[in-house]
Amino acid sequence: MCVGCELIDMFATSSGDLGSAYKVFEKMPERNLVTWTLMITRFAQLGCARDAIDLFLDMELSGYAPDHFTYSSVLSACTELGLLALGKQLHSWVIRFGLALDVCVGCSLVNMYAKCAADGLLGDSRKVFDRMPAHNVISRTTIITAYVQSGECDKEAIELFCRMISGEIQPNQFSISSVLKACGNLSDPCIGEQVYGYAVKLGLASSVGNSLISMYAKSGRMEDAQKAFDILFEKNLVSYNAIVDRTGMGIDAFTFASLLSGAASIGAMGKGEQIHSLLLKEGFESNQCICNALISMYSRCGNIESAFQVFDQMEDRNMISWTSMITGFAKHGFAARALEMFCKMLETGTKPNEITFVAVLSACSHVGMISEGQKHFNSMYEVHGIVPRMEHYACMVDLLGQSGLPVEAMEFINSMPFMADALVWRTLLRACQVHGNTELGKQAAEMILEQEPDDPAAYILLSHLHASAGQWRDVATIRKSMKEQNLIREAGYSWIEVENMVHRFHVGDTSHPQAWEIYREMDQLASRIKKIGYIPDTDFVLHDVEEEQKEQFLFQHSEKIAVAYGIISTTPLKPIRIFKNLRICGDCHTVMKYISMATGREIVGRDSNRFHHMKNGECSCKDYW
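Described below are features of the structure shown in this document. Values in this document were obtained by computation on a predicted structure and should not be read as measured data. (Residues numbered from 1 in each chain as written. Predicted model: local features only at pLDDT ≥ 70, side-chain atom pairs only at ≥ 80, totals over all residues. Heavy atoms only, no water.)

## Describing the overall build of the chain
In step 1: The secondary structure content of the chain amounts to 32 helices and six strands.
In step 2: The globule rule puts the C-alpha radius of gyration for 625 residues at 25 Å, and the 26 Å found for the chain is close to it.
In step 3: Viewed in the frame of its principal axes, the chain has a C-alpha envelope of about 85 × 60 × 50 Å.
In step 4: In the chain, buried positions account for 51% of the 625 residues.
In step 5: Counting only contacts in the chain whose residues sit at least 6 apart along the sequence, the fraction spanning at least 24 positions is 63%.
In step 6: Taken as a whole, the chain presents about 28,900 Å² of accessible surface, with 53% of it coming from carbon and sulfur.
In step 7: Of the side chains in the chain, 56 bear a positive and 73 a negative charge, and the two mean positions are spaced by 2 Å. (Helix = DSSP H or I, 4+ residues; strand = E, 2+ residues; numbered from the N terminus. Rg over C-alpha atoms; globule rule 2.2 N^0.38 Å. Buried < 20%, exposed > 50% of the residue type's maximum accessible area, 1.4 Å probe, protein only. Contact = heavy atoms within 4.5 Å. Areas by Shrake-Rupley, 256 points an atom, 1.4 Å probe, with all protein chains shown as cover. Lys, Arg positive; Asp, Glu negative; His and termini not counted. Charge placed at Lys NZ, Arg CZ, Asp CG, Glu CD.)

## Describing the packing of aromatic side chains
In step 1: Following the criterion strictly, the structure yields 20 aromatic pairs and no others.
In step 2: Judged by centre distance (5.3 Å) and plane angle (80 degrees), the ring pair of Y393 and F418 falls under edge-to-face. Of this pair, Y393 sits in helix α23 (residues 390-402) while F418 is found in the loop between α24 (406-414) and α25 (422-435), placing the two residues 25 residues apart along the sequence.
In step 3: Y393 sits in the buried class, given a relative accessible area of 10%.
In step 4: A relative accessible area of 15% means that F418 is categorised as buried.
In step 5: Between Y493 and W495 the ring centres are 5.7 Å apart and the planes differ by 35 degrees, which places this aromatic pair in the tilted class. There is no split in this pair, since Y493 and W495 are both buried.
In step 6: Through a chain of ring-to-ring contacts, the aromatic side chains of Y22, F25, W36, F43 and Y64 assemble into a single cluster.
In step 7: It is R96 that lies over the ring of F97; its NZ or CZ is 5.7 Å from the centre.
In step 8: We note R504 situated over the ring of Y493; from NZ or CZ to the ring centre the distance is 4.6 Å. (Phe/Tyr/Trp six-rings, centres within 6.5 Å; stacked < 30°, edge-to-face > 60°. Lys NZ or Arg CZ within 6 Å of the ring centre and 35° of its normal.)

## Quick notes on the layout of surface pockets
In step 1: By volume, the second largest pocket is sized at about 690 Å³.
In step 2: Lining the second largest pocket are 23 residues; nearest its centre among them are G47, E80, M319, T350 and K351.
In step 3: Counting residues per element, the lining of the second largest pocket draws most heavily on helix α4 (residues 49-61), which supplies three residues. (1 Å grid on protein atoms, 1.4 Å probe; cavity = no way out; pocket = protein on both sides within 12 Å on 5 of 7 lines; lining within 4 Å. Points joined across faces, edges and corners; volume = space filled by probe spheres on them.)

## Concerning the nonpolar core
In step 1: Residues Y71, M297 and L428 are the most contacted members of the largest nonpolar core, which totals 154 residues.
In step 2: Membership of the second largest hydrophobic core comes to 30 residues, among which are I496, F505, A526 and C621. (Core = buried A, V, L, I, M, F, W, Y, C linked by side-chain atoms within 4.5 Å.)

## A few points about the packing of helix α5 (residues 68-81) against helix α7 (residues 103-116)
In step 1: Between α5 and α7, the shortest axis-to-axis distance is 9 Å and the interhelical angle comes to 10 degrees. As summarised for this structure, α5 and α7 are arranged roughly parallel, according to the angle between their axes. In this structure, α5 uses H68, Y71, S72, L75, S76, C78 and T79 to contact α7, whose residues at the interface are C104, V105, S108, L109, N111, M112, K115 and C116.
In step 2: Classifying every residue of the contact of α5 with α7 gives eight nonpolar, six polar and one charged. (Axes fitted to C-alpha atoms, helices over the stretch in contact; angles between N-to-C directions. Parallel < 35°, antiparallel > 145°, perpendicular 65-115°, else oblique. Nonpolar A, V, L, I, M, F, W, Y, C, P; charged D, E, K, R; others polar.)

## Remarks on the sheet that holds strand β2 (residues 501-506)
In step 1: With mixed pairing, the six strands of this open sheet are ordered in space as β2-β1-β3-β4-β5-β6. Looking along the sheet, the strands with just one partner apiece sit at the ends: β2 and β6 (618-619).
In step 2: As paired elements, strand β1 (residues 493-498) and strand β3 (residues 576-580) share three bridges and run antiparallel to each other. The residue bridging S494 from the neighbouring strand is K580, located in β3. (Pairing = 2+ DSSP bridges.)

## Description of the pairing of strand β4 (residues 603-606)
In step 1: Neither face of β4 is open: one carries I603 and G605, the other V604 and R606, and all of them are buried.
In step 2: Judged from the four bridges that link them, β3 and β4 form a sheet pairing that is parallel. Paired with I576 across the bridge in β4 is I603.
In step 3: Tracing the backbone out of β3, into helix α32 (residues 586-599) and back to the parallel element β4 gives a crossover that is right-handed.
In step 4: Here four bridges tie β4 to strand β5 (residues 611-615), and the two strands are oriented antiparallel to one another. Along β5, the bridge assignment pairs V604 with H613.
In step 5: In this structure, the hairpin formed by β4 and β5 is closed by a connection of four residues. (Right-handed = clockwise from strand over helix to strand, strands pointing away.)

## Side note on the environment of L423
In step 1: Tracing the backbone shows L423 in helix α25.
In step 2: For the pair formed by L423 and A117, sequence separation is 306 residues and the distance between their alpha carbons is 16 Å.
In step 3: L423 has contacts with E152, E391 and A394, leaving out every residue within four places of it along the chain.

## Examining the pattern of salt bridges
In step 1: Inspection of the entire model under this criterion finds eleven salt bridges.
In step 2: Among the salt bridges present, the one from E372 reaches K375, with a minimum N-O distance of 3.4 Å. One end of the pair, E372, and the other, K375, are both in helix α22 (residues 370-382), three residues apart, so they sit about a helical turn from each other.
In step 3: The class for E372 is partly exposed, based on a relative accessible area of 22%.
In step 4: Residue E452 pairs with R426 through a salt bridge whose shortest N-O separation is 2.9 Å. With E452 in the loop between α26 (438-451) and α27 (456-468) and R426 in helix α25, the pair connects residues that are 26 residues apart, well separated along the chain.
In step 5: Three or more residues are tied together by salt bridges with common partners; here these are E193, R221 and D224. (Salt bridge = Lys/Arg side-chain N within 4 Å of Asp/Glu carboxyl O.)

## Some thoughts on helix α19 (residues 319-331)
In step 1: With 13 residues, α19 should cover 18 Å at 1.5 Å per step; its first-to-last C-alpha distance of 18 Å lies within 8% of that length.
In step 2: Where α19 is concerned, the buried positions are S321, W322, T323, M325, I326, G328, F329 and A330.
In step 3: You can read the cap of α19 off the contacts: a side-chain oxygen lies 3.2 Å from the backbone nitrogen of I320, and it is on N318.
In step 4: Taken from the residues just after α19, G333 is the one with a positive phi, measuring 85 degrees. (Expected span 1.5 Å × (residues − 1). Polar contact = N/O pair within 3.5 Å; in protein donor to acceptor, adjacent residues only side chain to side chain.)

## Considering unusual backbone geometry
In step 1: In the Ramachandran plot, S187 falls in the positive-phi region, its phi being about 50 degrees despite a non-glycine side chain.
In step 2: Inspection of the secondary structure puts S187 in the loop between α11 (173-185) and α12 (189-201).
In step 3: Positive phi is not limited to glycine here, since N616 has a value of about 55 degrees.
In step 4: One can find N616 in the loop between β5 and β6.
In step 5: Its relative accessible area of 56% is what places N616 among the exposed residues.

## Observations regarding the packing of helix α31 (residues 558-569) against α32
In step 1: Packing of α31 against α32 brings their axes to within 10 Å, and their N-to-C directions diverge by 20 degrees. Relative to α32, the element α31 lies roughly parallel. Our pair here, α31 against α32, has a crossing hand that is right-handed. Together, E559, K560, V563 and I567 of α31 and D587, C588, V591, M592, I595 and T599 of α32 make up the contact between the two elements.
In step 2: Of the residues in the contact of α31 with α32, the class split is six nonpolar, one polar and three charged. (Left-handed = near helix turned anticlockwise from the far one by under 90°.)

Okay, structure coming up:
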């Protein structure tokens, strides 16, 4: 029996050959609890969650009583498949057999309730956590991660982390990474820096460096994000050279993947390409984890064709590979390619997950494919057994709202099986702003502020809605209310990478060393594009000033400054890739299309929502965004 267990483990863990492992299991003349649990665990760990559950049921029918390890593995399988009902049934068995107080089982239950709750609420998950008599680093990290991943409970995650470090349990790199992500979501780099300082003290600085980069980038501190990335990049490059010189061996796949993720966070494609060349030298070109990171890096840096080239050359693809590529095509506005990729994924037998469907529904939303979006939304549960979560409902609201159907979007919200959160209402409010539906926009804003009274985004969107309608008195009232509550709107800025350096620009920025050349180029561009038909759209100036002054304001927008700098700083054959932390202004979108026509340059712009590829006066979004 021991030999059989060793063979199962050898096939499963060493080569990932679950087929051979299961053959050994089937041919064993005798089996015990350990044997059954080992096979169930390996199925659950290696992506065969359905097989793990089926084998668990066979075990029950064979008369073996599961222990805490068995339940922990099968609960993880339920989590993977989103089977909340079965998970609850298992929870009742766990209680009946006196295993509810086990830390291992408790962690699996916390994770299962957190990830399977369709409404994104964590009440059941927190109840399980609070009832556990003892905690370890895994249980605390699980609940912290659950709060961060819910998207609505970042403050609670930070509070739990503070309780963790005030006790006897020392956090690990995963708990610190999750809290840094929470700080980024809250745009609170001050707490983030304190958390990172704690990581330095524990010797975990290099393990959470990528999370620090992401935290700075989300908080709008791109210079600090760049510095953090440069330190991480240079440190690993120096380590790489030193290790190769000393041992002939380079750095590992995990480090390369972390560096690629860091480059993606700040849009540093030049550094990403350098990392790519290094990992090719090390022979990692066929490593699945590395290839997935490359797809994400190239896609997020604006080079979707390079991302597809990496994907196309992969010999072994998993669900993450397919989902990354579908997400990339969706973000870049290539809905047809995204949906074609999804069909090919299904043909290969690869099972999609919740994130895959967010990408598919987003692809439909970006081009207004209502019937296609509804078809895929309905298929989630009917065909794939995946219960739609809050983010999927938000995608459908976005699809209806952006298609000029805000009333239908409202009806869809009212039909949801749980209460819509602020994300859903924010999506509707944005659609109301685009289509000028002031009354429905007010209602959406009220719902957001009822749930998140300190959210400045709701005030800003509502202010823009009133400004677009010329209702300046309402705009003044909203701005006064924000001032009284000390709510500060996120400052808009754009950045561009030139020769491995990231250059950031704010509205009307004159701090750049080449400011004079940039504004001279902007004046020349303005003159050229007006001659071929450009007319400034002053509706995008949300201030009650004269028309001439509005036009001057338009040409101080950060994305226009970044494009002008790109033109004077890059070779004519190279695409200009700019990034913006907020949504690109409609007039800037038009200007970039005209500049692409006047100069023959390809311009790729990434904002908070998607990519825009401008070439010869046309954009990949077809002006639907």
